Amino acid sequence: MAEHPLILRYAARSHVGLVRAKNDDSAYAGKHLAVVADGMGGHAGGDVASSSTVLDLIHLDRDGYAGDDAGNLLADEIQTANSLLSELVHVNPKLAGMGTTVTALLLSGRRLAYAHIGDSRAYRLKDGVFEQMSTDHTFVQRMIDEGRMTVAEAEVHPHKNVLMRVLGDVDASPELDLKYFDAEPGERWLLCSDGLNFVRHETVEEVVRHTTSLAHCAETLIDLTLAAGSPDNVTVVVFEVAAASPDDTATAALDAVAAPLAAGTVPDDGADPETPEPISPGDAEGDDEETGGLDAHIRAAVVRRELSQRPHELVGAALTANAEGKIPQLANHPATQRAATVLTHKPIDAPPLDDDTEESLPRARYRRWLFPIVGGLAAIAIVAGAWTAFAWTQTQYFVGVSHGNVAIFQGVSQNLGPIPLSHLQRETSVSVQSLPEYSQQLVAQTLPAGTLGAAEQIVTDLQLGTGTSTPPCDRVAATHPPSGTPGATSSGAAGGKAASSSKPTASATTTAKSAVPAKAAPKTTAKATAGATTKHSVTPSASPSATPTCIPGGGQ
């Protein structure tokens, strides 16, 4: 015979405690799902955080998950619940600082998928061994793990309740502890908020190990917490893994449910529970739109319908929110859409959606494509900037060397790694070797030009300067004549002209203009005069030794 499917038999209890004004804890237990959430933030909305998270997970209470789907969906839905808390804070800033712990187990086939964050705890009694299966995400637990604190010191540490990881508006994607456990009939689990920590560990183990009735076990743990002073809310869920049978239509926990908890319990006896019919938009036309009345009514109807379809126990803040219609609301969203896609992840009066569709995981899908789009836009901006810079370089020119000749290049003379930023525009017939040494150095180092016309002018200037042995300049002066020339005198004239006088000889006297164009060879004009005095006259014997020199500041 085929093995009977496994189910959970359960009991859930919650108490506000002896000090707190309201209960920030929430819990749910069903045939396949058990979850405890301990809200934090006090007046900032701890009850809103825990109830919103628990009510967002109830639709997972079913069988038929394949492979690792149960664990993946449990993790995704908790992340989605975290996104909803952030959105609630965005809509209502008064809720800033709220958060909640979550410890959940989802039965699929013969395995339990486990997800945990915060300091609520999970204990397991299996094969006679009672052990804590969860790890507290607290400051003192980290100190214990690092060997810097003992367990006894942690229990009295002033910061023992400081959480390092939690759901809320503090982290867009909090890290969860995710595991799988093999499930066997007869094993028992205890999920609890940290309010139970005021009861000694040995006492808790004794109650879980020896109390046969799950309902009595849960109630005893609550009573022991109250007897210890109970300064905090306390919530417990106790369940056993059991083999289902056709005649097994009720759980052991449901058999012992007391009347005060009936409002949070739906029996599995086929009877139609007294829950209101789903409300259509037309049924609430008189609601105040500013308060989200229509949205609240539809949400309440959807949640109640979801809860009415399966046996369960709902306790704590989640039970109050459901009973009083105080389901957390979100503004600026169509009421029917939010009620369907956020709370139950399936539309009203429509077939269930596949759990891996976008409607099922809106927040997870959103995060997956957001970062690639941002990265793509950044890459496009970088490419556009690089192309703009390259396009600018192609509007520039410079004169350089190509195959030993003077050439004009388009672009800039630098390279971007292996990528050249210029190309040959025209190679002239002017040989670099035919240029003066100074001009050769300039061409080798390249001469930049803003336009093609400017580059061509540079080539023309280089051609005009061919044959000179000195760099071009716009002012020159003659050197002193040899000391052996009788009567020779020289003096500098203003405006860059040089004057020299000597007694005339029988030979012709030469008159020269000393202002020489910058880019042309020195020109002279001579006229024979007898007995004339000139501004620049030298004897023929002195002329061969006179060479022009640059005056500092001259040249172009």
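Residues numbered from 1 in each chain as written. Predicted model: local features only at pLDDT ≥ 70, side-chain atom pairs only at ≥ 80, totals over all residues. Heavy atoms only, no water.

## What about the overall build of the protein chain?
Summing up its helical and strand segments, the protein chain has 13 helices and 22 strands in all. Across the 556 residues in the protein chain, those meeting the buried criterion constitute 42%. In the protein chain, the proportion of contacts linking residues at least 24 apart, taken out of those at least 6 apart, comes to 70%. Approximately 28300 Å² of the protein chain is accessible, and the part contributed by carbon and sulfur atoms is 56%. (Helix = DSSP H or I, 4+ residues; strand = E, 2+ residues; numbered from the N terminus. Buried < 20%, exposed > 50% of the residue type's maximum accessible area, 1.4 Å probe, protein only. Contact = heavy atoms within 4.5 Å. Areas by Shrake-Rupley, 256 points an atom, 1.4 Å probe, with all protein chains shown as cover.)

## What about the sheet that holds strand β17 (residues 419-431)?
On the basis of which strands lie adjacent, the open sheet formed by four strands has the order β17-β16-β15-β18 and antiparallel pairing. Edge strands, defined here as strands with exactly one partner in the open sheet, are β17 and β18 (447-449). The average angle at which neighbouring strand axes cross in this sheet is 35°, direction not considered. Of the pairings in the sheet, the one linking strand β15 (residues 397-402) to strand β16 (residues 405-416) comprises six bridges and is antiparallel in character. The residue of β16 that forms the bridge with Phe-398 is Phe-409. (Pairing = 2+ DSSP bridges. Axes fitted to C-alpha atoms, helices over the stretch in contact; angles between N-to-C directions.)

## Thoughts on the confidence of the model for the protein chain
For residues with low pLDDT, the predicted coordinates do not support detailed interpretation. On average, residues of the protein chain carry a pLDDT of 73, and 65% of them reach 70 or more. Overall, residues 249-263 carries pLDDT values under 50, and its contacts beyond four positions in sequence, including any with other chains, amount to 29 contacts. Of the regions scoring below 50 in pLDDT, residues 467-556 engages in 107 contacts with residues more than four places distant in sequence or in other chains. (pLDDT = per-residue confidence, 0-100.)

## Remarks on the pattern of salt bridges
Per the stated rule, a full pass over the model turns up 16 salt bridges. For Glu-219, the salt bridge identified is with Arg-13, shortest N-O distance 3.1 Å. In this pair, Glu-219 sits in helix α6 (residues 214-227) while Arg-13 sits in strand β1 (residues 6-15), placing the two residues 206 residues apart along the sequence. Arg-200 serves as the salt-bridge partner of Glu-202, at 3.4 Å between the closest nitrogen and oxygen. For Glu-202, a relative accessible area of 47% corresponds to the partly exposed category. Salt bridges here are not isolated pairs; linked through shared partners, they connect Arg-13, Glu-219 and Glu-313. (Salt bridge = Lys/Arg side-chain N within 4 Å of Asp/Glu carboxyl O.)

## Notes on the sheet that holds strand β11 (residues 188-192)
On the basis of which strands lie adjacent, the open sheet formed by five strands has the order β1-β12-β11-β7-β8 and antiparallel pairing. Since the sheet does not close on itself, it has two edges, and those belong to β1 and β8 (129-132), each with one partner. Averaged over all pairs of adjacent strands, the angle between strand axes in this sheet comes to 15°, irrespective of strand direction. Relative to strand β12 (residues 234-243), β11 runs antiparallel, the two sharing five bridges.

## Brief notes about helix α13 (residues 452-464)
For α13, built from 13 residues, the straight-helix expectation of 18 Å at 1.5 Å per residue is met to within 8% by its first-to-last C-alpha distance of 19 Å. Every buried residue belonging to α13 is among Ala-455, Ile-458, Val-459 and Leu-462, and all of these are buried. Down the axis of α13, the smallest arc covering the buried residues is 100°, so these residues share one side. Here the buried face of α13 lies against β15, β16, β17, α12 (437-444) and β18. (Expected span 1.5 Å × (residues − 1). Arc of directions from axis to C-beta.)

## Quick look at the packing of aromatic side chains
Taken as a whole and judged by the stated rule, the model has six aromatic pairs. With 5.7 Å between their ring centres and 75° between their planes, Tyr-114 and Phe-181 make a pair best called edge-to-face. In this pair, Tyr-114 is assigned in strand β6 (residues 111-117) and Phe-181 in strand β10 (residues 177-182), connecting sequence segments 67 residues apart. Here Tyr-114 matches Phe-181 in class, with each residue buried. With a centroid separation of 6.3 Å and an interplanar angle of 10°, the aromatic rings of Trp-189 and Phe-239 are classed as stacked. With Trp-189 in strand β11 and Phe-239 in strand β12, this residue pair connects regions lying 50 residues apart in the sequence. (Phe/Tyr/Trp six-rings, centres within 6.5 Å; stacked < 30°, edge-to-face > 60°.)

## Observations regarding the environment of Leu-435
Note on placement: Leu-435 falls in the loop between β17 and α12. Considered as a pair, Leu-435 and Val-406 are 29 residues apart in the sequence and their alpha carbons are 9.7 Å apart.

## A closer look at the pairing of strand β14 (residues 312-316)
Judged by how many residues are buried, β14 sits mostly within the fold: five of five residues are covered. Pairing of strand β2 (residues 25-30) with β14 involves five bridges; the strand directions are antiparallel. Note on β14: the bridge partner recorded for Ser-26 is Gly-316.

## Observations concerning helix α5 (residues 201-210)
Restricting attention to buried positions, one finds in α5 the residues Val-204, Val-207 and Val-208. Looking straight down α5, one finds that the buried residues subtend no more than 95° of arc, so they occupy a single side.

## Overview of the side chain of Ser-50
In this fold, Ser-50 is placed in helix α1 (residues 46-55). In contact with Ser-50, other than residues within four places in its own chain, are Asp-24, Asp-25, Ser-26, Ala-37, Gly-39, Thr-100 and Ala-317.

## Quick notes on a nonpolar patch on the surface
On the surface, a cluster of nonpolar side chains totalling about 310 Å² of accessible area is made up of Ile-373, Leu-377 and Ile-380. The topology assignment puts Ile-380 in helix α11 (residues 362-393). (Patch = residues over 30% accessible without salt bridge, like charges linked within 9 Å, V, L, I, M, F, W, Y side chains within 5 Å.)

## Regarding the packing of α1 against helix α2 (residues 69-91)
How two helices sit against one another is set out by the angle between their axes and by the gap between those axes. Across the interface, α1 lies against α2 with an axial gap of 9 Å and an inter-helix angle of 140°. On the basis of their axis angle, the class for α1 and α2 is oblique. In this structure, α1 meets α2 at a crossing whose hand is right-handed. Contacts between α1 and α2 pair Val-48, Ala-49, Ser-52 and Thr-53 from the former with Ala-81, Leu-85 and Leu-88 from the latter. Looking at the contact of α1 with α2, its residues break down into five nonpolar, two polar and no charged. (Parallel < 35°, antiparallel > 145°, perpendicular 65-115°, else oblique. Left-handed = near helix turned anticlockwise from the far one by under 90°. Nonpolar A, V, L, I, M, F, W, Y, C, P; charged D, E, K, R; others polar.)

## Digging into the environment of Arg-142
With respect to the element layout, Arg-142 can be found in helix α3 (residues 139-145). Sequence separation between Arg-142 and Met-164 is 22 residues; the distance between their C-alpha atoms is 8.8 Å.

## Description of the pairing of β6
Sheet faces and side chains relate simply in a regular strand, where the side chains alternate between the two faces. Counting buried positions along β6 yields six of seven residues, so the element is predominantly enclosed. Adjacent in sequence and paired antiparallel, strand β5 (residues 102-108) and β6 are bridged by two residues, among which Gly-109 carries a positive phi angle near 65°.

## Digging into the environment of Asn-23
Relative to the helices and strands, Asn-23 resides in the loop between β1 and β2. Through-space distance from the C-alpha of Asn-23 to that of Ser-50 is 10.0 Å; in sequence the pair is 27 residues apart. Apart from the residues within four sequence positions on either side, Asn-23 is in contact with Ser-14, His-15, Val-16, Asp-47, Asn-233, Gly-316 and Ala-317. Side-chain polar atoms of Asn-23 contact the side chain of Ser-14, separated by 2.8 Å. Here Asp-25 takes part through its backbone nitrogen, which lies 2.9 Å from a polar atom of the side chain of Asn-23. (Polar contact = N/O pair within 3.5 Å; in protein donor to acceptor, adjacent residues only side chain to side chain.)

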